[in-house]
Amino acid sequence: MGRGAQSLARVAVIVRAGAAPLWWPGLLAAAIGALVPGLTGRRIGLLAGAALFLITAAAVALVRGRRYTALATAATRAGRSDFLQDRAVTVRNWRRGHRWWLLGAFLAAVASAFLLPGAGGLALAGAGAGLWIKALRIGRAEHRNDVLYWVRTDWTERGRPAGKQVKGYRTTGPMAGDAAFGGAPRRS
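What you are looking at is a predicted structure, and each value in this text was computed from that prediction instead of being measured.

**Quick notes on helix α5 (residues 87-111)**
Since one α-helical turn is 3.6 residues long, residues separated by three or four positions face the same way.
Argument step 1. Look at α5: 34 Å from first C-alpha to last across 25 residues, which is about the 36 Å you get at 1.5 Å a residue.
Argument step 2. Where α5 bends most, at H98, the angle is about 60°.
Argument step 3. Along α5, the residues that are buried comprise R87, T90, V91, W94, H98, L102, F106 and A109.
Argument step 4. Among the structural elements, β1 (7-10), α1 (11-17), α2 (19-35) and α6 (119-145) are those in contact with the buried residues of α5.

**A few points about the nonpolar core**
Argument step 1. With 33 residues, the main nonpolar core has V11, Y68, Y149 and Y169 as its most contacted residues.
Argument step 2. When residues of this core are traced back to their parent elements, those giving at least two are α1, α2, α4 (65-73), α5, α6 and β4 (148-152).
Argument step 3. Residues in contact with Y68, not counting those within four places in the same chain, are V11, V15, V63, K134, I138, P161, A162 and Y169.
Argument step 4. Judged by nonpolar contacts, the second largest core, of five residues, contains A78, L148, W150 and A176.

**Considerations on the confidence of the model for the chain**
Argument step 1. Scored by pLDDT, the chain has a mean of 90; 97% of the residues are at 70 or more.
Argument step 2. In the model of the chain, β1 stands out as the element of lowest mean pLDDT, 87, in contrast to α6, which has the highest, 95.

Cut-offs applied
- Residues numbered from 1 in each chain as written.
- Predicted model: local features only at pLDDT ≥ 70, side-chain atom pairs only at ≥ 80, totals over all residues.
- Heavy atoms only, no water.
- Helix = DSSP H or I, 4+ residues; strand = E, 2+ residues; numbered from the N terminus.
- Expected span 1.5 Å × (residues − 1).
- Bend = angle between axes of the 7 residues up to and from the residue.
- Buried < 20%, exposed > 50% of the residue type's maximum accessible area, 1.4 Å probe, protein only.
- Contact = heavy atoms within 4.5 Å.
- Core = buried A, V, L, I, M, F, W, Y, C linked by side-chain atoms within 4.5 Å.
- pLDDT = per-residue confidence, 0-100.

Spelled out as structure tokens, the structure:
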């Protein structure tokens, strides 16, 4: 494989891009769901939702953790000709590619309120919290190793930075790009 110029996106930014679009609509769906009595009643629905929040957050935060670690361990240095994608472009591309899935998940969470009030929304918010936790873990690894992890944009099938098509990560120094460790916007 040649080392020609490639477009690279930050791994932590891709992971973090889905956190807010799951967190806020999930909380909104939970609030709407809390207004509906549902078949089980509000108390049972919200208690089930709290349990689903914790389970979903933990599952999303831990899924593919070994794959992320293996790719980060085997990462190679980015070339001088590699193009580093801006944080805003990466987030916009991820959100555009997933907008219909996000809308469908929100509508399903609201509809689930008729069975378990608030549970679907809290599960959706838990997925957002899990992605945020995963991005923070990636950020801690970046900080500990004093590098930033990047992935080729043509390998990230549907916004998956650790998918089957990803053959490896590239690294740069910690000052490259416009995002801080963990994918957050860099403070000026």
